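Topology and contacts: notes
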Amino acid sequence: MSIEIKDVEHLASLARVAVSDNEKNDLKNDLEEILSFVSQVKEATVDSLTPEIGTHYNVMRADENPHEAGIFSEDLLSSAPSRNENHIVVKKIL
Amino acid sequence: MLNIKELTITEAHNLLVSKKMSVRELVEAVVNVARETQDLNAYLEIFDDIKDDIERAQNKIDDGTSTLLTGIPLAMKDNILIKGKIASASSKMLEQYRASYDAFVSKKLLDEGVIVIGRTNMDEFAMGGSTENSAFGATKNPHDKTRVPGGSSGGSAAVLAAGAALGSLGSDTGGSIRQPAAFCGVVGLKPTYGTVSRSGLVAMASSLDQIGPFAKTVEDAEIIFTAISGHDPMDSTSVPTAQRKESDKKPKVIGVPFNFVRGEGVDPRVLKNFEESLEKMKSAGYEVRDVSLPSLAYGLAVYYILMPAEVSSNLARFDGVRYGYHKDGANLLEDYLQSRGEGFGREVRRRILLGTYVLSSGYYDAYYGRACAVREILRRDLAHIFTEVDIIATPTTPTPAFKLGEKTSDPLQMYLADIFTVPVNITGVPAISVPSGFVDEEGSQLPLGIQFIAPHFCEKMLFEVGKALEYIVKN
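This text gives an overview of the structure that appears in the document. Each chain has its residues counted from 1, running along the sequence as written. Chains and ligands are labelled sequentially in the order written, the chains with letters from A and the ligands with numbers from 1. At least 70 in pLDDT is required for a residue's local features to be given in this predicted model, at least 80 for side-chain atom pairs to be given and counted, and no such filter applies to totals for whole chains, interfaces and linings, which use all residues. Each side-chain value is worked out from all heavy atoms of the structure, with water and hydrogens disregarded.

Before going further, it helps to examine helix α10 (residues 299-314) of chain B. Comment: elements are numbered from the N terminus, with helices defined as DSSP H or I runs of at least four residues and strands as E runs of at least two. Under the convention used throughout, the expected extent of a helix is 1.5 Å for every residue step, that is, one less than its residue count. If you check α10(B), its first and last C-alpha atoms are 22 Å apart, about what 16 residues at 1.5 Å a residue would give, namely 22 Å. Accessible area is worked out with a 1.4 Å probe on protein chains only. A residue is then buried under 20% of its type maximum, exposed over 50%, and partly exposed in between. Burial of α10(B) is extensive: 15 of the 16 residues sit out of reach of the surface.

In structure tokens form, the structure reads like this:
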């Protein structure tokens, strides 16, 4: 299992995680070692396996009896790093 | 003279209802131990606003509406929400995060009048087996302060071993309750998946995570488990009570996958203690039978594919926008990269990248898809073995507690410590770790544990066989 530094950089950018240059090499080695270990799943005999799925039942609640609007807003907004009155502030996207 | 450090929940309850002790006296005595043992770094915070809780609990006792847990001081792992309290999951990402609601389990306990006295240290986002991955420093093992308490729920195990709580909650994704319980010489239970609601637990790997108790005795673990289990519509994987196929069967036959247990990397002293304990179980009337479970060997590989895959998607929610750590960058993309790069610690970043890899196009089938298929095989093989035996036993861990720093530079070595515990999470069955004695190492007495595994929803069998081992070890 060979992982290149550019693979680490690609994964980090997909995952939106900045990694420093000195960490990239450690990550490359760790990922190689771990992936080579977990690759043993490829050796397991997976015969004509039909996953046994239990009986399905609806776990979603009915969309009814909404709570009063705004009762949780202050609790939730107070956790935001940046807000303007009742809005969360983010940088321009477009 | 009452030894507060060894007091059990049952004993404390009797003292409270017979008015030999008030709730305030009990809680103050336990909190004093917590303060005296702060060098362990097991508590991230000891709450100082519990006066009203104490008063309410005392009133329940005085007016006769108390339960076994009323007035009992318990500790909470830092990834379980209590409204208004910080729940940081030992991460810089959530260092300042205050919960806006109670976890299902918190509400259950608080309604019974439990006094939650503090939140306990853990590996960041429950990722690790030593509590060394905490953003707030490692926890030390009370039996030997140069050693780890295990993890990820290391703080919750250590406070019990130190006598700084009468019980605690942890979460177990691959052994995070049972492994620290074994390392710290206390009882730890991972309930059947779906028995205890995950609502209000900071998610790590949702198909594996389960909340469970730590306690000084099996009986105490049973009391806490009974209090926190129940159906919760807020967790879509919570199993309705009517669908829980419990069993009143008395366990008699213990299956042991000897081939697996005697594998590479298992400390001979662990094996000796395990086999001696089995002999004693035989004398107590249990039959011990060798069972063949070759698919167990794939457990660890399956786990280290499924878990990081789920981690990478669950932790996508931390964006530095709505809550949690924020680092300002040049644009929104930079905000994400920097907030997540700095907010997450090393092991968390490693697992996110690993999960991103196994889920990425081109590798998905070879890793994630394959791991899901092998998970089914494990589930089927285990179900088959449970038609032959009542319980499966293994050592909880391949070694006693290791030294602080011993495995921090080698993640794979750290992962191998989970070998006996991960198959339980993969298959969703319940398991308990019960103390089975000590080994002497460099002048310290290091605890060992035995893990008993039962079929889905058969926690009762675990309590029964656990109490039997407890009795044997004590006598």
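Here the narrative resumes.
Facing the 44 residues of chain A at the interface are 53 residues of chain B. By convention, the term buried area covers the 1.4 Å-probe accessible surface removed from two parts as they join, with the contributions of both added. Contact between chain A and chain B buries roughly 4,300 Å² in total, counting both sides, with carbon and sulfur atoms accounting for 69%. When the buried area of chain A at its contact with chain B is split by residue, A:Arg16, A:Val41 and A:Lys91 rank highest and sum to 15% of it. A side-chain nitrogen of Lys or Arg and a carboxyl oxygen of Asp or Glu constitute a salt bridge if their distance falls within 4 Å. Our enumeration of links across chain A and chain B arrives at 5 salt bridges. A:Lys91 is paired through a salt bridge with B:Asp328; the nearest N and O atoms lie 2.7 Å apart. Polar contacts, as used here, are pairs of N or O atoms within 3.5 Å; protein pairs need one atom able to donate a hydrogen and one able to accept it. Residues neighboring in sequence count only if both atoms are side-chain atoms. There are 14 residue pairs in polar contact (both at pLDDT 80 or more) connecting chain A and chain B. Elements with a minimum of two residues in the side of chain A that touches chain B: α1 (5-14), α2 (21-38) and α3 (73-77) of chain A. Working rule for contacts: check all heavy atoms of both residues, and any pair within 4.5 Å makes them a contact.

All names here are of chain B. What the 11 strands build is an open sheet, ordered β1-β3-β2-β4-β6-β5-β10-β11-β9-β7-β8; its pairing is mixed. Here the strands that pair on one side only, and so sit at the sheet edges, are β1 (43-46) and β8 (287-290). Within the sheet, the average angular offset between the axes of one strand and its neighbour, ignoring direction, is 30 degrees. Pairing between strands requires that DSSP locate at least two bridges from one strand to the other. Relative to strand β11 (residues 444-453), strand β9 (residues 391-395) is paired through 4 bridges, and the arrangement is antiparallel. Simply put, an axis is a line fit to the C-alpha atoms, just over the touching stretch for a helix, and the angle between two N-to-C directions goes from 0 to 180 degrees.

Residues and elements named next belong to chain B. For Phe, Tyr and Trp, where Trp contributes only its six-membered ring, two rings pair if their centres lie within 6.5 Å, and the inter-plane angle classes them as stacked under 30 degrees, edge-to-face over 60, or tilted in between. Here the structure, examined in full by the defined rule, presents 13 aromatic pairs over all chains. Judged by centre distance (5.8 Å) and plane angle (70 degrees), the rings of Phe125 and Phe344 are edge-to-face. Here the residue Phe125 occupies a position in the loop between β3 (115-120) and α5 (154-161), and Phe344 occupies one in the loop between α11 (332-343) and α12 (346-359), the gap between them amounting to 219 residues. The class of Phe344 is buried, set by a relative accessible area of 1%. Ring geometry for Phe260 against Phe420: centres 5.4 Å apart, planes inclined by 90 degrees, an arrangement best described as edge-to-face. Here Phe260 is found in helix α8 (residues 258-261), whereas its partner Phe420 is found in the loop between α14 (411-416) and α15 (422-427), with 160 residues between them in sequence. The two residues Phe260 and Phe420 agree in class, both being buried. Taken together through their ring pairs, the aromatic side chains of Tyr97, Phe125, Phe318, Tyr323 and Phe344 make up a single cluster.

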